Amino acid sequence: MSAFTVARLVVVGLVVSLVSGCASTAFAPSSAVPSREALDRFSLEGRFSLSQDSKNYSGRLRWTYRGVSSELLLSSPFGQGIAEIVTDARGAQLKTGDGKVFSAPDADALTQEVLGYSLPLGLLADWVRGRAVSGNARFDAQGRAIHLRQDTWEVDYEYSDSDPGAPPVRIVARREGVLELRVFVQEWHSLAVEETVQ
């Protein structure tokens, strides 16, 4: 797989970075799963699967989101680093596993540079937390988003239990004819304000 293909895979993975087509794996929630409201700043670990252009990719992800900055590490199913994406006030940077570096003023410009089209990465943090901030959304009986249509994107959610404040554990984001990203979140952590200062 070429470095450019890996870079495209990683940037597309951000779209829902969030978030795996691992339907056969059961989620065992820990007793300390934070509520969606506590996830203003968060870290998550999980798996992803991506289908694009009749190709499928899968692996692990670790994402730390601090509001103005974000770090996403994508690795192979066996833990080998595929890419790291870092965004902050200075811009966005993608480092591939083979050492190539792509930089842009922001995440949307980075996706335009690497993929040839812009992706709504500014919405990703809301999507992965199940926060329907705009668009056409459907909710379950507990008031949690189960489906969101925003622009040309559709996002579906699954939860591990019936807790109204629970964050999603499975997220499927798709853009018809372009890609489908599945994320299976295995661990959610809420970051305290002091953990977000670097």
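This text follows the structure it describes.
These lines cover the structure that appears in this document, whether it is placed above or below. Fair warning: this is a prediction, and the values are worked out from it, not measured in the lab.

## Brief notes about the packing of aromatic side chains
Here's step 1: Throughout the structure, instances matching the rule amount to 5 aromatic pairs.
Here's step 2: For the ring pair tryptophan 63 and tyrosine 65, a centre distance of 6.0 Å and an interplane angle of 65 degrees mean the geometry is edge-to-face.
Here's step 3: Among the residues examined, tyrosine 65 registers a relative accessible area of 17% and is labelled buried.
Here's step 4: Ring geometry for tryptophan 127 against tryptophan 153: centres 5.9 Å apart, planes inclined by 55 degrees, an arrangement best described as tilted. Of the two residues, tryptophan 127 is situated in helix H3 (residues 124-128) and tryptophan 153 in strand S9 (residues 153-158); the sequence distance between them amounts to 26 residues.
Here's step 5: For tryptophan 127, a relative accessible area of 1% translates into the label buried.
Here's step 6: Overall, tryptophan 153 belongs to the buried group, its relative accessible area being 3%.

## Description of helix H2 (residues 107-115)
Here's step 1: Those residues of H2 that sit buried are Ala107, Leu110, Thr111, Val114 and Leu115. The buried residues of H2 occupy one face: seen down the axis, they fall within an arc of 100 degrees.
Here's step 2: Backbone nitrogen of aspartate 108 and a side-chain oxygen of the N-cap are separated by 3.2 Å at the start of H2; the cap is aspartate 106.
Here's step 3: Phi turns positive one or two residues past the end of H2, at glycine 116, with a value near 95 degrees.

## What to know about the pattern of salt bridges
Here's step 1: Applying the stated criterion to the full structure yields 11 salt bridges.
Here's step 2: Between arginine 62 and glutamate 45 there is a salt bridge whose closest N-O contact spans 3.9 Å. One end of the pair, arginine 62, is in strand S2 (residues 55-65); the other, glutamate 45, is in strand S1 (residues 42-52), with 17 residues separating them in the sequence.
Here's step 3: With relative accessibility at 32%, the residue glutamate 45 sits in the partly exposed group.
Here's step 4: For aspartate 156, the salt bridge identified is with arginine 174, shortest N-O distance 2.8 Å. In this pair, aspartate 156 is assigned in strand S9 and arginine 174 in strand S10 (residues 170-175), connecting sequence segments 18 residues apart.

## With respect to the pairing of strand S11 (residues 179-190)
Here's step 1: Here S1 pairs with S11 via 11 bridges, running antiparallel. Paired with phenylalanine 42 across the bridge in S11 is serine 190.
Here's step 2: The pairing of S10 with S11 spans 6 bridges and is classified as antiparallel. For arginine 174, the partnering residue across the bridge sits in S11 and is glutamate 180.
Here's step 3: Here S10 folds back onto S11 in antiparallel fashion, the turn holding 3 residues, of which glycine 177 has a positive phi close to 75 degrees.

## Observations concerning the pairing of S10
Here's step 1: Two strands pair when backbone bridges link them, and S9 and S10 are joined in this way by 6 bridges, in the antiparallel orientation. Residue pairing in the sheet places glutamate 154 in a bridge with arginine 174 of S10.

## Observations regarding the side chain of serine 75
Here's step 1: Along the chain, the position of serine 75 falls in strand S3 (residues 70-75).
Here's step 2: Given a relative accessible area of 9%, serine 75 falls into the buried group.
Here's step 3: Leaving out residues up to four positions away in the same chain, serine 75 has contacts with Phe48, Gly59, Arg60, Gln80, Gly81 and Ile82.

## Some points on the sheet that holds strand S8 (residues 145-150)
Here's step 1: Taken in spatial order, the 11 strands of this open sheet run S6-S5-S4-S3-S2-S1-S11-S10-S9-S8-S7, and their pairing is antiparallel. The sheet is open, and its two edges are formed by strand S6 (101-104) and strand S7 (136-139), each paired on a single side. Going from strand to strand, the sheet's axes swing by 15 degrees on average, the running direction of each strand aside.
Here's step 2: Those strands touched by H2 are strand S4 (81-88), strand S5 (91-96) and S6, and its axis lies near 130 degrees from that of S6.

Cut-offs used in this document
Counting from 1, residues in each chain are numbered in the order their sequence is written. Note on the predicted model: pLDDT of at least 70 is required for a residue's local features to be given, and 80 or more for side-chain atom pairs to be given and counted; whole-chain, interface and lining totals, by contrast, use all residues. The side-chain numbers reported here are obtained from all heavy atoms of the structure, hydrogens and water having been left aside. Here a Phe, Tyr or Trp ring, Trp counted by its six-membered ring, pairs with any other such ring whose centre lies within 6.5 Å, and the pair is stacked when the planes are under 30 degrees apart, edge-to-face when over 60, and tilted otherwise. Each residue is placed in one exposure class: buried if its accessible area under a 1.4 Å probe, protein chains only, is under 20% of its type's maximum, exposed if it is over 50%, and partly exposed if it falls in between. A run of H or I in DSSP counts as a helix once it spans at least four residues, and a run of E counts as a strand once it spans at least two, with each numbered from the N terminus. When we speak of the arc, we mean the arc of directions from the helix axis to the C-beta atoms. Definition of a polar contact: a pair of N or O atoms within 3.5 Å, with one able to donate and the other able to accept a hydrogen when the atoms are protein atoms, and with sequence-neighbouring residues admitted only if both atoms are side-chain atoms. One speaks of a salt bridge when a side-chain nitrogen belonging to Lys or Arg is within 4 Å of a carboxyl oxygen belonging to Asp or Glu. Only strands joined by at least two bridges in the DSSP assignment are considered to pair. We call two residues in contact when some of their heavy atoms are within 4.5 Å. Note on geometry: axes are C-alpha line fits, over the in-contact stretch for helices, and angles between N-to-C directions span 0 to 180 degrees.

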